[in-house]
Amino acid sequence: MNTHCCSFPKNSKELKSTKRCLDLQQNNNSIIQSFINQRMKQNNLHHNDNFLIFLKPRTRTYLAYPSTLQHSTAVYDDNTDQWAVMLTCGHFTSLGNPLVSVQWQTPSGHSLNSTFYSNGSFALLLTTPVPSGNYTCRVVSSDSQVEDSQLGEATLSLDQTEARMTLFEAKLESVYRHNQALVVENAKLAKQLEDVATASFVTFHANLWRDVHLQHGDSLLFIAGLDNSHGAYDSALGQFTAPINGTYFFIVSCAAQKGAGHEAGIMLTADDDIICYEDGSHEGVMSVCHVAVHLLEGQRVVAKSNGEGYFKGLGSAFTGFLISADPV
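Let us look at the structure shown here. Since the structure is predicted, the reported quantities are computational estimates derived from the model, not experimental observations.

## Focus on unusual backbone geometry
Negative phi is the rule for most residues except glycine; trans is the rule for most peptide bonds. Of note, the phi angle at Trp209 is positive, near 70°, even though the residue is not glycine. By the secondary structure assignment, Trp209 is in the loop between strand E12 (203-207) and strand E13 (212-214). Relative accessible area serves as the criterion here: at 60%, Trp209 is assigned to the exposed category. The phi dihedral of Asp271 is positive, around 50°, even though this residue is not glycine. Here Asp271 shows up in the loop between strand E18 (264-270) and strand E19 (273-281). By relative accessible area, Asp271 is classed as partly exposed at 30%.

Here it is in structure tokens:
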């Protein structure tokens, strides 16, 4: 439907064209008005010169009919910390305007309000013991113009024994799930304990194996065997690196080479700070240095020569282990 403004005629030739345009426009307006009147009639609308008035319908229709009253189910009520039997009334597609609600009638004839409304259903929670009999959910409205026939009700017959069994099965299922959660949590704790125990077991033992001549401050390159947990001792560098925070014990022993004519001692350093030292020994005499020291993860302990001298490979060793790990 094409509508537009007709142009003002400038001469007699344009006058005829403008007249045809106005006739066509008037015809279009009549068609549009007829269409509007038809739609207004269908939707109870009345046309006034200045505004539209919505006419109130003769009856109101609510899409709030309790088509089903579902069987009882067991739920845990966080408000009372108790298990309860739940009856649900619905499904409601709309609660209308004004809103409707649901009232319940027990087998004894008492009226109860719904406990809550959720996801299109009204619910009633019943604590044990639950009486046997018929439970009815009935839609009620505060609007006096709403007829009872527009609302509705639904009834469910509930057996007390069935309700008790429903609660018992729910409690049993809850205990089972809780037990399964405890099993999973226990497995996690056991794994954590194993990890802590593994991390807390730190030890190494290394031997010199060959005779060496060292200057003061040179590192003694002991060679670690199979007893080297976490690979904490590096034979190539001759140093131990603390894998975790804790208190450690170290002992290093070396013997001067017989007939060398030099006296040499040993010392232990932690990040270049001397933590233990032994003065030079005569040939054939064992020098021993031992210490308990607290180390942070990553700190390095090295056995070094305390003076120039020869050291016998046979009988010289470096040992260390973790006494106690710091609390996590």
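Still more ground to cover, so stick around.
## Considering the pattern of salt bridges
For the structure shown, the criterion picks out four salt bridges. Between Arg177 and Glu173 there is a salt bridge, with the nearest N and O atoms lying 2.9 Å from each other. Separated by four residues within a single helix, Arg177 and Glu173 lie in helix H2 (residues 160-200), roughly one turn from each other. Relative accessible area serves as the criterion here: at 57%, Arg177 is assigned to the exposed category. Of the charged contacts, one joins Lys304 and Asp272 as a salt bridge, the two residues approaching to 3.7 Å between their closest N and O atoms. Taken together, the residues Lys304 in strand E21 (residues 300-306) and Asp272 in the loop between E18 and E19 connect sequence positions 32 residues apart. Classification of Lys304 as buried rests on a relative accessible area of 16%. Residue Asp272 is classed as exposed on the basis of its relative accessible area, which comes to 63%.

## Description of the pairing of strand E9 (residues 121-126)
Counting buried positions over the six residues of E9 gives six, a clear majority of the element. Going residue by residue along E9, you find Ser121, Ala123 and Leu125 tucked away on one face and Phe122, Leu124 and Leu126 tucked away on the opposite face as well. One ladder, built from six bridges, connects strand E5 (residues 82-90) with E9; its direction is antiparallel. Across the sheet, the residue bridging to Val85 is Leu126, located in E9. Here three bridges tie strand E8 (residues 116-118) to E9, and the two strands are oriented antiparallel to one another. Bridge assignment links Tyr117 to a residue of E9, and that residue is Phe122.

## A few points about a nonpolar patch on the surface
A contiguous nonpolar patch, built from Met165, Phe168 and Leu172 and spanning about 320 Å² of accessible area, is present on the exposed surface. Position of Phe168 among the secondary structure elements: in helix H2.

## Quick look at the nonpolar core
Counting residues in hydrophobic clusters, the biggest one holds 32 residues, and the most contacted among them are Leu220, Phe222, Phe240, Phe250 and Phe318. If you list the elements that add at least two residues to this core, you get E12, E13, strand E17 (246-256), E18, strand E20 (286-295), E21 and strand E22 (309-325). Filtering out sequence-adjacent residues up to four positions away, Phe318 remains in contact with Phe204, His205, Ala206, Phe222, Tyr233, Phe250, Ile251, Val252, Leu268, Val301 and Ala303. Within the second largest apolar cluster, 20 residues are counted, among which are Val85, Tyr135, Cys137 and Leu156.

## Looking at the sheet that holds strand E10 (residues 133-141)
In a beta sheet, neighbouring strands pair by backbone hydrogen bonds and run either parallel or antiparallel. What the four strands build is an open sheet, ordered E7-E6-E10-E11; its pairing is antiparallel. With one partner strand each, in any of the chains shown, strand E7 (111-113) and strand E11 (153-158) form the two edges of the open sheet. Strand-to-strand twist in this sheet, taken as the mean axis angle between neighbours without regard to direction, amounts to 30°. By the bridge criterion, three bridges tie strand E6 (residues 100-105) to E7 in an arrangement that is antiparallel. Within E7, the residue paired with Gln105 across the bridge is Ser111.

Definitions and limits used
- Residues numbered from 1 in each chain as written.
- Predicted model: local features only at pLDDT ≥ 70, side-chain atom pairs only at ≥ 80, totals over all residues.
- Heavy atoms only, no water.
- Helix = DSSP H or I, 4+ residues; strand = E, 2+ residues; numbered from the N terminus.
- Buried < 20%, exposed > 50% of the residue type's maximum accessible area, 1.4 Å probe, protein only.
- Salt bridge = Lys/Arg side-chain N within 4 Å of Asp/Glu carboxyl O.
- Pairing = 2+ DSSP bridges.
- Patch = residues over 30% accessible without salt bridge, like charges linked within 9 Å, V, L, I, M, F, W, Y side chains within 5 Å.
- Areas by Shrake-Rupley, 256 points an atom, 1.4 Å probe, with all protein chains shown as cover.
- Core = buried A, V, L, I, M, F, W, Y, C linked by side-chain atoms within 4.5 Å.
- Contact = heavy atoms within 4.5 Å.
- Axes fitted to C-alpha atoms, helices over the stretch in contact; angles between N-to-C directions.

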